[in-house]
Amino acid sequence: MAGLRSGPPQPCGCAHRRGRAQRRRAPTIRPAPGLRQSRGWQSARAGNRYQEPRASAGALGGTPIHSLRCLPQVHLQPHTRARPSGLVSACPRPPPDIPSSAGIRYNTRIYRGARLAVTDWVCPPTQEVRPLAKQDKQFVKEITPQSEDFSRWYIDVIRKADLMDYAPVRGCIVFKPDGYELWEGCQRELDRRFKETGHRNAYFPLFIPESFFQKEKEHVEGFNPELPWVTEAGGEKLEERLAVRPTSETIIGHMYAQWIQSYRDLPVLINQWANVVRWEKRTLPFLRTSEFLWQEGHTAHATAEEAEAETRQMLDVYTDFVESVLAIPVFRGQKTPSEKFAGAVSTYSLEAMMKDGKALQAATSHYLGQNFAKGFDITFVDRDNTLKHVYTTSWGLSTRILGALIMVHGDDRGLQLPPKIAPTQVIIIPIGPQKERERVVAHATDCLKRLQCAGFRVRMDAREDFSPGWKFNEYEMRGIPVRLEIGPRDIDSGQVVLVRRDTGEKLVIPEAQLLQQLPELLDGIQRDMFAAAKAFQEAHSYVAHSLDELSEIITNQRGFVLAGWCGDDACERAVKDACGATSRNIPFDPPTRLDNCAVCGKPAAHSVWYAKAY
RNA sequence: CGGAGCAUAGCGCAGCUUGGUAGCGCGCCUGCCUUGGGAGCAGGAGGUCGUGGGUUCAAAUCCCGCUGCUCCGACCA
């Protein structure tokens with residue numbers, strides 16, 4: 001850290017390089033490479049969850065800081081590096097109600113080969129709206145515009161927003177704190193939902209004996225090419241090589257075989273948070289890395305019906321999480337046989353549409369039937385005193401979802417985070433001349449503490465060595481949903497300025513109403529971000545009746561195309577060969593029914609979403 | 001794993017064709033000055049040019065290998 005460097009540079013006696021041109025400042029605004037917070041970063045976090053503020057927190061008024069007993073004292077001094085800690089658990093409160101995405105409904109109409117149209121658009125209540133200053137100016141110059149090169153944009157954003165760094169091992173990344181916090185948010189929300197549906201966490205080994213993979217034929221064929229092997233340890237060659245897990249069906253199956261004896265032991269409902277490794281040929285940060293983080297649920301049931309219900313239930317859990325927390329609309333459906341998980345009877349998926357029109361599988365849930373039960377001899381004695389194989393499921397969601405989060409909501413200014421997942425929901429920026437500074441920072445700190453105490457995730461940037469304008473751009477790039485500006489004029493008139501990241505709208509509200517209005521504002525942003533993503537998804541969803549039509553849309557329009565499918569692998573393959581799109585899934589509730597296979601013209605067994613995929 | 005491109009200071013790049021002293025902008029450090037959309041002035045620090053070999057009196061520069069990243073294709077969450 002620069003802040004730890006010692007003293008001013010010492011003049012050295014040796015012949016130092018000379019002749020550097022005199023430094024000239026460019027007249028234009030320049031970016032801040034590195035985005036380091038070198039010092040004086042006065043910030044603190046509140047509780048993990050975005051919640052309705054407590055009524056008892058009171059209105060923002062003249063209550064002195066020290067009267068808020070629930071917070072430790074925070075000393076704000078310029079150039080301190082201390083981060084106030086202990087604020088995290090300052091205000092314990094019950095879990096929030098996460099409204100289901102079912103609350104938002106959209107009416108769609110389908111045209112032949114045409115776009116799906118959105119007719120409902122929810123706007124949050126707004127107060128006074130001031131125009132965004134110099135709105136058309138491109139501030140974040142180091143981010144390639146999406147329209148120019150989407151891939152480049154993606155890489156630029158994740159690096160500038162400081163989410164990750166490349167690791168020295170090929171295809172591996174470091175999740176930096178700002179990126180890892182997003183994953184922690186996913187864990188928090190998902191874990192709660194898993195537990196609410198009766199699951200418990202456990203942890204299984206990273207290493208899997210080679211012989212385990214042989215027990216399920218499809219499984220071994222599916223994963224063999226991408227397994228890393230441990231062949232030597234402790235200076236000796238191993239008798240049996242160990243795979244670094246690509247997924248844990250096998251080793252968990254092995255354990256379940258020992259744990260399950262009777263129908264009374266069922267169901268087994270276990271989830272594991274873990275890292276897994278798949279040696280990928282082509283890697284992309286978050287989307288495809290050699291090692292990635294995920295959760296994998298593994299359950300065992302007495303009947304097929306129960307296992308199938310579990311499979312579908314977890315898909316619902318994922319849907320709720322992805323749509324209501326991440327504000328990413330998804331297409332739900334079943335994978336075609338060629339796209340299903342190696343070893344599964346059936347695979348279900350959520351497919352999300354990125355802003356370049358490509359698909360990203362957001363989560364999967366597999367009904368494994370008795371495939372693994374037979375491979376690993378997982379049996380139980382049923383009520384009728386007969387020995388039976390169990391029925392298993394597995395379901396997973398990985399850090400890949402962060403790539404979706406970025407590519408669904410991000411824009412040319414950088415990241416854009418939905419309030420429910422944003423590690424920081426509100427950034428407070430005190431503004432004012434030197435002589436007013438003490439007063440402004442004290443007031444802003446007061447505001448910070450009230451918001452934190454009310455359960456919001458808030459930070460303040462009171463650094464003096466960055467201009468307000470710089471900070472505005474900085475936090476927009478980092479995707480923080482709401483910026484709160486406090487300056488002398490605001491204090492004098494008892495107001496604060498709130499600025500939305502998603503629309504750029506400025507709202508000036510009385511400070512006394514902040515605690516009442518902020519939840520509405522955050523909810524509004526959450527809703528609008530989902531609605532915007534939904535509108536985009538529907539605007540880029542098409543229906544095709546022939547391979548030519550399908551191909552033309554994929555090539556020229558980008559997006560998802562719904563087409564009839566007879567069920568033959570060859571027809572699916574033909575689509576891929578024609579335009580590079582693969583079948584994403586067979587939707588549960590297709591927006592329209594198609595009578596004939598788009599490729600061969602035979603009666604269609606299903607309607608399938610096709611798209612180019614990540 | 002095939003095809004292409006890139007690798008020089010924290011970041012973005014020039015220098016390479018035609019071998020000979022390591023350069024620019026931003027950032028960083030010090031001081032002053034400033035703060036409602038990326039301010040200004042002055043001074044300063046920082047690079048064995050990805051890595052290993054070769055050619056040469058001499059290599060960032062020429063040649064070969066390796067590694068990593070990016071893009072395009074085949075495989076996948």
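Rules behind the numbers
Residues numbered from 1 in each chain as written. Chains lettered and ligands numbered in written order. Predicted model: local features only at pLDDT ≥ 70, side-chain atom pairs only at ≥ 80, totals over all residues. Heavy atoms only, no water. 1 Å grid on protein atoms, 1.4 Å probe; cavity = no way out; pocket = protein on both sides within 12 Å on 5 of 7 lines; lining within 4 Å. Points joined across faces, edges and corners; volume = space filled by probe spheres on them. Helix = DSSP H or I, 4+ residues; strand = E, 2+ residues; numbered from the N terminus. Nonpolar A, V, L, I, M, F, W, Y, C, P; charged D, E, K, R; others polar. Axes fitted to C-alpha atoms, helices over the stretch in contact; angles between N-to-C directions. Parallel < 35°, antiparallel > 145°, perpendicular 65-115°, else oblique. Left-handed = near helix turned anticlockwise from the far one by under 90°. Contact = heavy atoms within 4.5 Å. Core = buried A, V, L, I, M, F, W, Y, C linked by side-chain atoms within 4.5 Å. Buried < 20%, exposed > 50% of the residue type's maximum accessible area, 1.4 Å probe, protein only. Pairing = 2+ DSSP bridges. Phe/Tyr/Trp six-rings, centres within 6.5 Å; stacked < 30°, edge-to-face > 60°. Lys NZ or Arg CZ within 6 Å of the ring centre and 35° of its normal.

Asker: Quick one: what's the story with the layout of surface pockets, residue by residue and with numbers?
Answerer: Considered as a void within the structure, the largest pocket measures approximately 1,300 Å³ in volume. Glu226, Arg278, Glu339, Gln361 and Arg400 are the residues nearest the centre of the largest pocket, which is lined by 45 residues in total. Mapped onto the lining of the largest pocket, the elements with two or more residues apiece are helix H4 (217–223), strand E9 (291–301), strand E12 (359–369), strand E15 (391–398), helix H8 (400–409), helix H14 (569–579) and strand E23 (582–587). Its residues placed into classes, the lining of the largest pocket shows 16 nonpolar, 13 polar and 16 charged.

Asker: Run through the packing of helix H1 (residues 150–160) against H8, naming residues and quoting values.
Answerer: It is at 11 Å that the axes of H1 and H8 come closest, and there the two elements cross at 110°. When the interaxial angle is binned, H1 and H8 end up roughly perpendicular. You can see that H1 and H8 cross each other, and the crossing is right-handed. Every residue of H8 that contacts H1 at Phe150, Trp153, Tyr154, Val157 and Ile158 is listed here: Gly403, Ile406 and Met407.

Asker: Which residues make up the nonpolar core, and what values do they have?
Answerer: Within the largest apolar cluster, 53 residues are counted, with the highest numbers of intra-cluster contacts made by Phe286, Leu326, Ile328, Leu397, Ile401, Ile406 and Met407. Those elements that place two or more of their residues in this core are H1, strand E3 (173–175), helix H2 (177–196), helix H6 (304–325), strand E11 (346–353), E12, E15 and H8. The contacts of Ile328, once residues within four sequence positions are left out, are Val322, Glu323, Ala352, Ala404, Leu405, Val408, His409 and Phe530.

Asker: Give a description of the pairing of E12 that names residues and reports values.
Answerer: With ten of its eleven residues buried, E12 lies for the most part within the structure. Two strands pair when backbone bridges link them, and E11 and E12 are joined in this way by eight bridges, in the antiparallel orientation. Along E12, the bridge assignment pairs Met353 with Ala359. Taken together, E11 and the strand that follows it, E12, pair antiparallel across an intervening segment of five residues, in which Gly357 is found at a positive phi of about 85°.

Asker: Would you mind going over H8 in detail, with residue names and values included?
Answerer: With respect to burial, H8 is a largely interior element, ten of its ten residues being buried. Three or more residues of H8 are buried, namely Arg400, Ile401, Leu402, Gly403, Ala404, Leu405, Ile406, Met407, Val408 and His409.

Asker: Which residues make up the packing of aromatic side chains, and what values go with them?
Answerer: The tally for this structure, following the rule as stated, stands at 18 aromatic pairs. Ring geometry for Phe212 and Phe376: centres 5.9 Å apart, planes at 75°, overall edge-to-face. In this pair, Phe212 is assigned in helix H3 (residues 210–213) and Phe376 in helix H7 (residues 371–376), connecting sequence segments 164 residues apart. Ring geometry for Phe331 versus Trp609: centroids 4.3 Å apart, planes at 25°, classification stacked. Within this pair, whereas Phe331 is found in strand E10 (residues 330–334), its partner Trp609 is found in strand E24 (residues 606–611), the two being separated by 278 residues in sequence. Accessibility assignment for this pair places Phe331 and Trp609 in one class, buried. Clustering of aromatic rings is evident, with ring pairs tying together Trp183, Phe194, Trp273, Tyr318 and Trp395. One Lys or Arg, Arg241, reaches over the ring of Trp229 and ends 4.0 Å from the middle of that ring. The aromatic ring of Phe588 is capped on one face by Arg312, whose charged end is 4.0 Å from the ring centroid.

As far as function goes, none of this settles anything; it's purely spatial.
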